[in-house]
Amino acid sequence: MNAIGQPAGQPTRRAGHNIEGGFDVERIRQDFPILSRQVHGKPLVYFDSGASAQKPRAVIDAMTEVLENEYTNVHRGAHYLSQTLTDRYEGVRETIARFINAPSENQIVITRNTTEAINLVAATYGRKFLGRGDGVVVSTMEHHANIVPWQMLRDEKGIELKVAPIDDTGALDLDAYAALLDGNTKLVAITHCSNVLGTMVPAAEIVRLAHDRGIPVLLDGSQAVVHSTVDVQALDADFYVFTGHKLYGPNAIGVLYGKAELLAQMPPYQGGGDMIASVTFEKTTYQEPPHRFEAGTPPIVEAIGLGAAMDYVSAIGMEAIAAHEKSLLTYATERLMAQPGIQLFGTAPGKAAILSFIQQGIHPFDTAATLDREGVAVRVGQHCAEPLMGRLGVDGTVRASLAMYNTTAEVDTMIRALERARTLFG
Amino acid sequence: MTIAAEKLAQYDEYVEALEILDEESRFEYIIDIGKRADKTAFPAECMDDAHLMHGCMSKVWIIHSRENDRSIFRGQSDAIIVKGLVSMMTGSFSGLTSGELAEVTLDHVRGLNLGALTMQRQVGMMAMLKHMQKLSLQAERAEAAD
Ligand SMILES: Cc1ncc(COP(=O)(O)O)c(C=O)c1O
């Protein structure tokens, strides 16, 4: 299959200024069929990968191949198709484990998305181990997916939500965070990378500070896993969650990594098929993790797609992707800040390639609508992070989130579109 | 019941104006309406929570008054494009009774030919219409109860 952007050891095809360290963005772009389409008669500039990334041919082909040739249910049949597809499906668990350096594929729980993974932890670990007066520490810049499940637990069990603040650059205030670990705190649930500001938190340090006080840590890696190499063992994370569709994989599949001793103590999440060892009307016994937490027919085709996405990303190399995104971010930031009246939110050192901004005097919606006319897809609004908007003192922002397939020429297109917005609305 | 043609004169004017424009010009036309609406003062004190319509990407305020049994609307938004859209809606459908307003449907909104300006805005305009229908009915009921 000729689907990898830059197979190792092959000469790079010259494509101007975007080749660096063997990373050929023009070649990568050819792997993503959607990038050659037009919107409103203009070439699509997709700067909304933070909401959901586009899919390479390798992912599309892998999923199509399963549907055309290999499809059946998994874990259930004695027949040929079922056994081969079950092997492939379980093989993806190993791919995922390798991707985040988990010690074992048995610590990889397949979910629908990040949201379900966090809800799973809240509903199982949270319900079992957290009680009245216990504290859960989150940060100001959480996605609603890492706020609401804890609030539901608060309403049910009387736990307390504690919020670690950020500074004006969007960096986590580590001293304030450490101070919140005293007293009643029993769990930390914090984003590894902000979907609005791009801030990468010092995750290993966050975990170390919590572990010093015997507190386990859940990291929301939805964005971090896309922009950086994640090693759950190096981080010593107790739970690590992310979603497939931002990682160039399909939607409707997510991942919960958990430490073996924690997963072993957790009760099931949902009840049904696949998660049981034996069922009688008197008594049911449950499977060991990870299957205990995967009731019902899993996202089979999506799992194959996610495996293909991880293979694709790994073949290109996360380091190369991160380096490309970093230089693109630097370029985009410089060009953006050279524009009059730009307010940029999130300037913490080492941030990921996410740019949240407003054009002063122009509503973010008007900016985004003008960008859309020029084929530039961005997100506008609160980005599922309403409390953060309150902290920033705005109703919403325009968010351009960059990915491995974006180019400096696309940044130039966005800048021209912003100039047009200034003419129209300024 | 159908709505008398002359009551939709302003709506028809929008439809005719938009019909002959290409996509790009429609975009600028709406912005133009939004900018002009800026100058027809919407009372600042009405840009409050009581007149806020929820569930939009930008803020939308709509005020309603009654002249005889007719509903008169005025709209405002913090985004200019949305101000253009809400102005088109309030301009098109002011002067109708609540019974007539109830006859306004998605087809009328579609008839404005804003399809190219993405579904979301069309959905937003349906929400505005529903909100206007609700305001009109509420006022009518309140009057009847007096
Ligand atoms: C940081 C973060 N957490 C959680 C989520 C939720 O992801 P999903 O909707 O796939 O569950 C997102 C993406 O929307 C995100 O960016």
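Residues numbered from 1 in each chain as written. Chains lettered and ligands numbered in written order. Predicted model: local features only at pLDDT ≥ 70, side-chain atom pairs only at ≥ 80, totals over all residues. Heavy atoms only, no water.

K.L.:
I'd like to hear about the overall build of chain A, residue by residue, with values.
P.N.:
Across its full length, chain A holds 15 helices and 19 strands. Computed over C-alpha atoms, the radius of gyration of chain A comes to 22 Å, within 12% of the 22 Å expected from 2.2 N^0.38 for 426 residues, which places it in the range of a compact globule. A principal-axis box enclosing the C-alpha atoms of chain A has dimensions of 70 × 55 × 35 Å. Burial status across chain A gives 58% buried among its 426 residues. Within chain A, contacts between residues separated by at least 24 positions form 70% of all contacts whose residues are at least 6 apart in sequence. (Helix = DSSP H or I, 4+ residues; strand = E, 2+ residues; numbered from the N terminus. Rg over C-alpha atoms; globule rule 2.2 N^0.38 Å. Buried < 20%, exposed > 50% of the residue type's maximum accessible area, 1.4 Å probe, protein only. Contact = heavy atoms within 4.5 Å.)

K.L.:
Pulling in residues and values, what's your account of the nonpolar core?
P.N.:
Counting 85 residues, the largest nonpolar core has I100, Y177, V188, Y240, M404 and Y405 of chain A as its most contacted members. Broken down by element, the residue count for this core peaks at eleven residues, all from helix α11 (residues 300-316) of chain A. Each of domain 1 (5-30 + 318-425) and domain 2 (59-315) of chain A gives at least three residues to this core. Those residues within four positions of M404 of chain A in sequence are excluded, and the remaining contacts are F23, V25, I28, F32, Y248, Y312, V313, I316, I321, H324 and E325 of chain A. In terms of nonpolar packing, the next biggest core, distinct from the first, is built from 42 residues, I3, I62, I80 and L85 of chain B among them. (Core = buried A, V, L, I, M, F, W, Y, C linked by side-chain atoms within 4.5 Å. Domains from an automatic or database assignment.)

K.L.:
Describe the domain arrangement of chain A, naming the residues involved and giving the relevant values.
P.N.:
All names here are of chain A. Examined at the domain level, chain A breaks down into domain 1 (5-30 + 318-425) and domain 2 (59-315). Each side of the interface is counted separately: domain 1 has 31 residues, and domain 2 has 31 residues. Across the domain 1 to domain 2 interface the summed buried area is about 2,400 Å²; carbon plus sulfur atoms make up 58%. For domain 1, the biggest contributors to the area lost against domain 2 are M318, L388 and R391; these three give 26% of the whole. At the junction of domain 1 with domain 2, the criterion picks out one salt bridge. For the interface between domain 1 and domain 2, the tally reads 15 residue pairs in polar contact (both at pLDDT 80 or more). Secondary structure elements with two or more residues in the side of domain 1 that touches domain 2: α12 (318-337), β16 (354-359) and α14 (386-392). (Buried area = accessible area lost by both parts, 1.4 Å probe. Salt bridge = Lys/Arg side-chain N within 4 Å of Asp/Glu carboxyl O. Polar contact = N/O pair within 3.5 Å; in protein donor to acceptor, adjacent residues only side chain to side chain.)

K.L.:
Tell me what's going on with the sheet that holds strand β3 (residues 70-77) of chain B, and back it up with residues and numbers.
P.N.:
Residue and element names in this part refer to chain B. An order of β1-β2-β3 is seen for the three strands of this open sheet, with the pairing classed as antiparallel. In this open sheet, the two strands that pair with only one neighbour each are β1 (52-53) and β3. Of the pairings in the sheet, the one linking strand β2 (residues 60-67) to β3 comprises eight bridges and is antiparallel in character. Of the residues in β3, the one forming a bridge with W61 is Q76. Contacting β2 and β3, helix α3 (residues 80-93) crosses the sheet at an angle of about 175 degrees to β3. (Pairing = 2+ DSSP bridges. Axes fitted to C-alpha atoms, helices over the stretch in contact; angles between N-to-C directions.)

K.L.:
Help me get a handle on the interface of chain B and chain A, residues and values and all.
P.N.:
Of the residues lining the interface, 18 residues belong to chain B; the matching set on chain A comes to 13 residues. Buried surface at the junction of chain B and chain A, both sides included, amounts to about 1,400 Å², of which 57% is carbon and sulfur. Across the salt bridge formed by E24 of chain B and R420 of chain A, the nearest N and O atoms sit 2.7 Å from each other. In this structure, the connection of chain B to chain A is made through ten residue pairs in polar contact (both at pLDDT 80 or more). Sorting the residues of the side of chain B that touches chain A by element identifies α2 (23-39) and α3 of chain B as the ones contributing at least two each. Per element, the largest residue contribution to the side of chain B that touches chain A is six residues, and it comes from α2 of chain B. Its residues assigned to classes, the side of chain B that touches chain A shows nine nonpolar, two polar and seven charged. (Nonpolar A, V, L, I, M, F, W, Y, C, P; charged D, E, K, R; others polar.)

K.L.:
Give me the lowdown on helix α5 (residues 148-157) of chain A, citing residues and values where you can.
P.N.:
Since one α-helical turn is 3.6 residues long, residues separated by three or four positions face the same way. Residue and element names in this part refer to chain A. Looking only at α5, the buried set comprises P149, W150 and L153. Viewed along the axis of α5, the buried residues span an arc of 95 degrees, placing them on a single side of the element. At the exit of α5 stands G158, carrying a positive phi of roughly 80 degrees. (Arc of directions from axis to C-beta.)

K.L.:
Describe the sheet that holds strand β19 (residues 397-401) of chain A, and please don't skip the residues or the numbers.
P.N.:
Residues and elements named next belong to chain A. Taken in spatial order, the four strands of this open sheet run β15-β16-β19-β18, and their pairing is antiparallel. Each edge of the sheet is formed by a strand with only one pairing partner; in this case those strands are β15 (342-345) and β18 (379-381). Across the sheet, the mean angle separating the axes of adjacent strands is 30 degrees when strand polarity is ignored. Bridging between β16 and β19 involves four bridges; their strand directions are antiparallel. Bridge pairing links F357 to V398 in β19.

K.L.:
Can you lay out the pattern of salt bridges for me, pointing to particular residues and giving the numbers?
P.N.:
Applying the stated criterion across every chain yields a total of 31 salt bridges over all chains. Linking E23 of chain B and R373 of chain A is a salt bridge whose minimum nitrogen-to-oxygen distance equals 3.0 Å. With one member in each of two chains, E23 of chain B in helix α2 and R373 of chain A in helix α13 (residues 364-373) form a pair that bridges those chains. Judged by its relative accessible area of 2%, R373 of chain A falls in the buried class. If you follow the salt bridges from partner to partner, you end up with K42, R373, E374 and R420 of chain A together with E23, E24 and E28 of chain B in one network.

K.L.:
Lay out the pairing of strand β7 (residues 135-139) of chain A with the relevant residues and their values.
P.N.:
All names here are of chain A. Within β7, five of the five residues are buried, which leaves it mostly tucked inside the rest of the structure. Side chains G135, V137 and S139 of β7 all project onto a buried face; the interleaved residues V136 and V138 project onto the opposite face, where all are buried too. Across five bridges, β7 lies against strand β8 (residues 160-164) in parallel orientation. If you follow V138 over to β8, its bridge partner there is V163. For the handedness criterion, the β-α-β arrangement of β7, α5 and β8 is classed as right-handed. (Right-handed = clockwise from strand over helix to strand, strands pointing away.)

K.L.:
I'd like to hear about the site of the ligand, residue by residue, with values.
P.N.:
Residues and elements named next belong to chain A. Near the ligand lie 13 residues; those nearest to it are T115, D220, T243, H245 and K246. Here Q223 contributes a side-chain N or O atom positioned 2.7 Å from an oxygen atom of the ligand. Contact with the protein chains covers 89% of the free accessible surface of the ligand, which is 400 Å². Residue composition of the shell around the ligand, grouped by class: one nonpolar, ten polar and two charged. (Near = heavy atom within 4 Å. Areas by Shrake-Rupley, 256 points an atom, 1.4 Å probe, with all protein chains shown as cover.)

K.L.:
Give me the side chain of S94 of chain B: which residues, what numbers.
P.N.:
Residues and elements named next belong to chain B. Its place among the elements puts S94 in the loop between α3 and α4 (98-101). For S94, a relative accessible area of 19% puts it in the buried group. Of the polar contacts made by the side chain of S94, one reaches the backbone nitrogen of F73; its length is 2.8 Å. Side-chain polar atoms of S94 contact the backbone oxygen of T90, separated by 2.7 Å. Look past the residues within four positions of S94 in its chain and what remains in contact with it is S71, I72 and F73.

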